[in-house]
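These are the residues of each chain, in order.
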Amino acid sequence: MPAVASLASTTAAAITTYSIVSSAHPSCANCTCAATSIALHPRILSAAKKLPLTTLHKLTAFRVKAMAEIPSTPRLESNASLAGKKQALISLSDKRDLVLLGNGLHELGFTIISTGGTASSLESSGVPVTKVEELTHFPEMLDGRVKTLHPNVHGGILARRDQQHHMKALDDHGIGTFDVVVVNLYPFYEKVSSSSGISFEDAIENIDIGGPTMIRAAAKNHKDVLVVVDSNDYPALLEYLKGGQNDQEFRKWLAWKAFDHVASYDSAVSEWLWKQTSKDKFPPSLTVPLSLKSSLRYGENPHQKAAFYVDKSLEEVNGGGCATAIQHHGKEMSYNNYLDADAAWNCVCEFSKPTCVVVKHTNPCGVASRDDIIEAYRLAVKADPVSAFGGIVAFNVEVDEALAKDIREFRSPTDGETRMFYEIVVAPSYTKKGLEILRGKSKTLRILEATKNKRGKLSLRQVGGGWLAQEADDLTPEDIEFNVVSGKSPQENELSDAKFAWLCVKHVKSNAIVIAKNNCMLGMGSGQPNRLESLRIATKKAGDEIKGAALASDAFFPFAWNDAVEEACKSGVGVIAEPGGSIRDADAVDCCNNVPGVFLSLKISAPSWK
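Parameters and conventions
Residues numbered from 1 in each chain as written. Predicted model: local features only at pLDDT ≥ 70, side-chain atom pairs only at ≥ 80, totals over all residues. Heavy atoms only, no water. Helix = DSSP H or I, 4+ residues; strand = E, 2+ residues; numbered from the N terminus. Buried < 20%, exposed > 50% of the residue type's maximum accessible area, 1.4 Å probe, protein only. Contact = heavy atoms within 4.5 Å. Areas by Shrake-Rupley, 256 points an atom, 1.4 Å probe, with all protein chains shown as cover. Disulfide = S-S within 2.5 Å. Phe/Tyr/Trp six-rings, centres within 6.5 Å; stacked < 30°, edge-to-face > 60°.

### Quick look at the overall build of the chain
Consideration 1: A tally of helices and strands in the chain yields 23 helices and 23 strands.
Consideration 2: The buried share of the chain, reckoned over its 610 residues, is 45%.
Consideration 3: In the chain, the share of contacts with a sequence separation of at least 24, taken over all contacts with a separation of at least 6, comes to 63%.
Consideration 4: For the chain, the accessible surface area stands at approximately 30,400 Å², while carbon and sulfur atoms represent 52% of it.

Dropping the structure here:
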């Protein structure tokens, strides 16, 4: 079989498995048996097509194992010499600082192997480069889908230098080793998150295959191969190579970064493909890529270490929120600062009219909406000036010069003298003069510019050993039915007050009660083990202004008579809004109908509760 023998002797590596069934072999006409499965090099496949069927039938007798037993394989003389030549493989989508890297490696004596556009960029910059097809002896195939998936590439990356049989295998097949692999990936994340959109087919073509394969291979063999996926690490890489170091910790760090890079990339592909496949909000498995934004001085308590991460999920692209806020001034943010700023921003963004929200320990202690934002600010502080001192102030409109001056100079309503102090001011924008004035209020005042949270996000919360996931609470009063269940119907202003109180109470920690009137929070009670105590705190803060006000509760009242509902009615509350669901709801309605001065009870129902 001279034709077959010659064919086998030219096999340098097996990268594609073909099943060849001969029509001269009737028993295999309708099957693919083990004897007919053989791994062929693309060059051999081309030659095999010219052989007669009888020869092809004989060829099927070769097994993959037999290929390893072929006594000799011609060495690819164009490959790098195995006698100590240093090779670096570079394949980049993001070519930032490529010339810096290329020149640095060239000066250190590296032979640079590169792909397509990366090789062209290096050549145009005068950096000597060898194209990868000169190494593989195959051009890019399948519209670029196959470039580096070849033993001459991956053998040189994965071979362990301390294993004699690995090095002998490379020597037998004429494959040189790679000491450095620098790769980043097709911009899948950027493409599928682009505001201009992308077709399904184009998105699929932006899923990188060869890049992750090289990165993972180099990271696995990091003891011998330095792998770099971030252009910010080029200077450290060159410095390391210049010093002739063998710091395994540096190599491990680069390997970790490489695997992390690929994992984040794959999570974006998985998230995107799930959304193309299913309408279910909750996939069978969920990967959330997080990127460290900053280390924090401490956590919730001084003895706890902490850090802040940004969610890099596709769902969060242009999703708004405090995580992506711009800090214009002040001390670095703390763990509790982020929690409080997030609470204030989420609350103030609920309102369509110009609104100010003051938050302390994640609870809104003052909320007011007015056409005049300065008036809204003062009313929000007035609701609880003691709590407001040292709190967070949020606005849903631009902070201009006049508002900034009032924030800087406003005195506490408790004594009319003490200038109000705040940890954070957060708003959607600032005028140049407004920002200048606020910066002059305090060196430590944190000034944040944020964008509104996108609706429809998935909300995650950690519990021991797991995570709870739910749809975000995006419902507004326009999404909710306020049903009158007591004897009288509300006036327009009373219904407006009830809706305002409801928007506020959803941001107060349970058990939560809010009392409001004329688009202004008068008092709130939060976090008490029973609803009656929360009511008493709220009514105390509301004071005499409670007469005719609206009361919102974040959950039903378990009891009415001699409990929270009766106390609220007797205090002068005019409207009670609550979701219902208690077996004693009828008692609450009866109480509202029989206590003088109470006009109605509203039962709130959202579409998902029906």
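### A look at the state of the cysteines
Put plainly, a disulfide is one covalent bond tying together the sulfur atoms of two cysteines.
Consideration 1: Under the definition given, this model contains 0 disulfides.
Consideration 2: There is no disulfide at Cys504, and the cysteine sulfur nearest it, in Cys347, is 5.6 Å away.
Consideration 3: Looking at the unpaired Cys520, the closest cysteine sulfur is the one in Cys504, lying at 8.9 Å.
Consideration 4: Cys520 sits in the buried class, given a relative accessible area of 7%.

### Notes on the packing of aromatic side chains
Consideration 1: If you walk through the whole model with that rule in mind, you get 11 aromatic pairs.
Consideration 2: Seen in terms of ring centroids, Phe308 and Tyr338 are 3.8 Å apart; in terms of plane orientation they differ by 15°. Their pairing is stacked. Of the two residues, Phe308 is situated in strand E9 (residues 306-311) and Tyr338 in helix H15 (residues 335-348); the sequence distance between them amounts to 30 residues. For the residue pair Phe308 and Tyr338, the accessibility class agrees, reading buried in each case.
Consideration 3: Three or more aromatic residues joined by ring pairs make a cluster, and in this case those are Phe188, Phe200, Tyr265 and Trp272.

### Notes on unusual backbone geometry
Consideration 1: The omega torsion of the bond from Ser510 to Asn511 falls at -5°, within 30 degrees of zero and hence cis.
Consideration 2: The residue Asn511 is located in the loop between helix H20 (492-505) and strand E19 (513-516) in this model.
Consideration 3: Even without glycine at this site, Asn318 takes up a positive phi of about 55°.
Consideration 4: By the element assignment, Asn318 lies in the loop between E9 and strand E10 (326-329).
Consideration 5: Even without a glycine there, the phi angle at Thr362 is positive, about 70°.
Consideration 6: Positionally, Thr362 belongs in the loop between strand E11 (355-360) and strand E12 (363-369).
Consideration 7: What makes Thr362 buried here is its relative accessible area of 18%.

Distances and angles like these do not, on their own, reveal function.
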